[in-house]
Each structure stands twice: as structure tokens, then as C-alpha cells.
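# Architecture and fold: a report
The primary structure of each chain is shown beneath.
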Amino acid sequence: YAGVMSGIPIYTLSDGLTLPTIALGTYNLRGEAGVASMISGVEAGYRMLDSAFNYENEGALGAAVRRCGVPREELRLVSKLPGRHQRYDEAVYTLEESLMRAGLDYWDMYLIHWPNPKRDLYVIRSVGVCNFLPEHLERVHAETGEYPSVNQIELHPYFQQASALAYHAQIGVLTESWSPLGRKWRIVEDPAIVALASGVGVSPSRLILRWHYQLGTVPLPKS
């Protein structure tokens, strides 16, 4: 840990960027309703918003940032490069389009959304990634001398990814958890989780998010 941000502990990544230990996922948050949800998240204390070119909501994120009342420099804003635009020139204009859509001058972190190994274009320098397997991370390291600062993967109590967590810890890559409460499963209704949550007087969702925190990951729950 390296301190706090809006009362939330923060991590320092291998490249020096600081991130809060929890972030707001914005998948399917679009239009005015999406803007309102993101603003509500910021008002509740979130300081990192996770978006993507493929989510088609970078404009909504930018609007939320301008309306939320929190200075831009106090936020950590994230978007992702789609696999179909991994060639250098395409990556440049896609990033530029992302910033134009959001009305921002910069993203705090930009992630490669999928490795797409069959296209063989995923090697990058000093950037985060999503859904990379060990062989993809090792290829990046072999060709650049660096590992990505983060790898965002699906992780929740029904899919605990113990080997990935151990590997990330070994190479100094921070794990972000997408779908931290479970995407297709009603994990919050699991009798064992409900009983544990009741025993400590919190909701099942809070219990699961605390589990992520104690694992040392950054969960990305959606409002």
C-alpha cells in the first residue's frame, strides 16, 4: 500500500501509478442513466472508473467526470483497446478516438482488452492488459524486458484463479477482478456466503468485496 485516496487504500504499480483498491465497473452503463450511475458511484467514494472502447460508453464516462464535482486529477480513469485495433497505427487513432469521445486529455491507464494471440500483435510497452495468460505475459516480457503493470481477469468466489494470483504476485503484476460478484451465477444468494455474511453483519456483496480486498486484488463491481 502507498497511502489512501478518498479514504480508500491505494496500490502503487510497477510503473509508479497509484490506484485505489476498488473501482467502479461501467459495462452497460450508457446514456444519461449511465452518467447518473457513475456520478452516484463517485459520490459513494469510488475514485477509479473502468471503461472500454467496446463498452460504447466513454462519452458517458466523460460526462460523469465533468459533472461529478471531483477534480479530474483525483480520479483514475481507465479504458481498453479492442483486439481488432492492435496494429500500431490503428491503436493510435483508437486511443485518440477514445479521448475525443470522453472529452478527456488523457487516460490514467489504457489496457489491451484481449491478447488475440492468433493475430500476434499483443506485445506492448508499459501498459496494462486484460485476460492475458502466463504465456502472453511471458512473451511481452521476453520482447520488451517489462511485464504489464496490471492484468484484469475474471475472478470471483466461483472462479478463484489461485494459480493466476500466485503467478501475478511472483512477477509483480497487480490483479484486477472483473465480474467480482459473479456474472452468470447468483453468488450473492449462495447459502454458505449468505450465512457467513449474516454472521458478521454485512451484506453478501460486501463480504465478497472484502474477500477480494484481502486477496490483494482490485475488484470492479458495477453500480
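Residues numbered from 1 in each chain as written. Predicted model: local features only at pLDDT ≥ 70, side-chain atom pairs only at ≥ 80, totals over all residues. Heavy atoms only, no water.

## A word on the overall build of the chain
- A tally of regular secondary structure across the chain gives seven helices and eleven strands.
- In summary, the chain has a C-alpha radius of gyration of 17 Å against a globular reference of 17 Å for 223 residues, a match within 12%.
- Overall, the C-alpha framework of the chain stretches about 55 × 40 × 35 Å when taken along its three principal axes.
- Looking at the chain alone, contacts between residues at least 24 apart form 60% of all its contacts between residues at least 6 apart.
- Only carbon and sulfur atoms are counted for the fraction: they give 53% of the accessible area of the chain, which is about 10800 Å².
- For the chain, the separation between the mean place of its 20 positive charges and that of its 23 negative charges on side chains is 5 Å. (Helix = DSSP H or I, 4+ residues; strand = E, 2+ residues; numbered from the N terminus. Rg over C-alpha atoms; globule rule 2.2 N^0.38 Å. Contact = heavy atoms within 4.5 Å. Areas by Shrake-Rupley, 256 points an atom, 1.4 Å probe, with all protein chains shown as cover. Lys, Arg positive; Asp, Glu negative; His and termini not counted. Charge placed at Lys NZ, Arg CZ, Asp CG, Glu CD.)

## Brief notes about the sheet that holds strand β8 (residues 128-130)
- Spatial ordering of the open sheet is given by β4-β5-β6-β7-β8-β9-β10-β11, a layout of eight strands whose pairing is parallel. Only two strands of the sheet have a single neighbouring strand rather than two, namely β4 (24-25) and β11 (218-219).
- Strand direction decides the pairing type here: strand β9 (residues 150-154) and strand β10 (residues 174-178), joined by five bridges, are parallel. Its bridge partner being in β10, Q152 is matched across the sheet by E176. (Pairing = 2+ DSSP bridges.)

## Details of unusual backbone geometry
- Even without being a glycine, N28 presents a positive backbone phi close to 70°.
- Topologically, N28 is positioned in the loop between β4 and α1 (31-44).
- Positive phi values are uncommon outside glycine, yet E56 reaches one of about 55°.
- With respect to the helices and strands, E56 occurs in the loop between β5 (48-50) and α2 (58-67).
- Its relative accessible area of 60% is what places E56 among the exposed residues. (Buried < 20%, exposed > 50% of the residue type's maximum accessible area, 1.4 Å probe, protein only.)

## Some words on the nonpolar core
- By size, the foremost hydrophobic cluster in this structure holds 28 residues, and its most contacted members are L49, L61, L77, L104 and W107.
- Mapped onto this core, the elements with two or more residues apiece are α1, α2, β6 (76-81) and α3 (88-102).
- With five residues, the top contributor of residues to this core is α2.
- Residues L13, L17, W178 and L220 belong to the second largest nonpolar core, which totals 15 residues. (Core = buried A, V, L, I, M, F, W, Y, C linked by side-chain atoms within 4.5 Å.)

## Topic: the pairing of strand β2 (residues 8-12)
- Across three bridges, the pairing between β2 and strand β3 (residues 18-20) is antiparallel. The residue bridging T12 from the neighbouring strand is T18, located in β3.
- Connecting β2 to the antiparallel partner β3 that follows it, the hairpin turn spans five residues, and G16 within it adopts a positive phi of roughly 95°.

## As for helix α4 (residues 134-144)
- Residues H136, L137, V140 and T144 constitute the buried set of α4. The buried residues of α4 occupy one face: seen down the axis, they fall within an arc of 100°.
- Buried positions along α4 lie against β8, β9 and α5 (162-171).
- Where α4 terminates, the next one or two residues include G145, which has phi positive at roughly 80°. (Arc of directions from axis to C-beta.)

## Structural notes on the environment of P20
- Position of P20 relative to the elements: it lies in strand β3.
- Given a relative accessible area of 0%, P20 falls into the buried group.
- The sequence separation of P20 and V218 amounts to 198 residues, and the corresponding C-alpha distance is 7.7 Å.

## Structural notes on the pattern of salt bridges
- The final tally for this structure, using the stated rule, is six salt bridges.
- E58 is paired through a salt bridge with R101; the nearest N and O atoms lie 3.7 Å apart. Separated by 43 residues along the polypeptide, E58 in helix α2 and R101 in helix α3 bring together distant segments of the chain.
- Given a relative accessible area of 38%, R101 falls into the partly exposed group.
- The residue D108 makes a salt bridge to R72 at a minimum N-O spacing of 2.9 Å. Here the residue D108 occupies a position in the loop between α3 and β7 (109-112), and R72 occupies one in the loop between α2 and β6, the gap between them amounting to 36 residues.
- Judged by relative accessible area, R72 falls into the buried class, the value being 17%. (Salt bridge = Lys/Arg side-chain N within 4 Å of Asp/Glu carboxyl O.)

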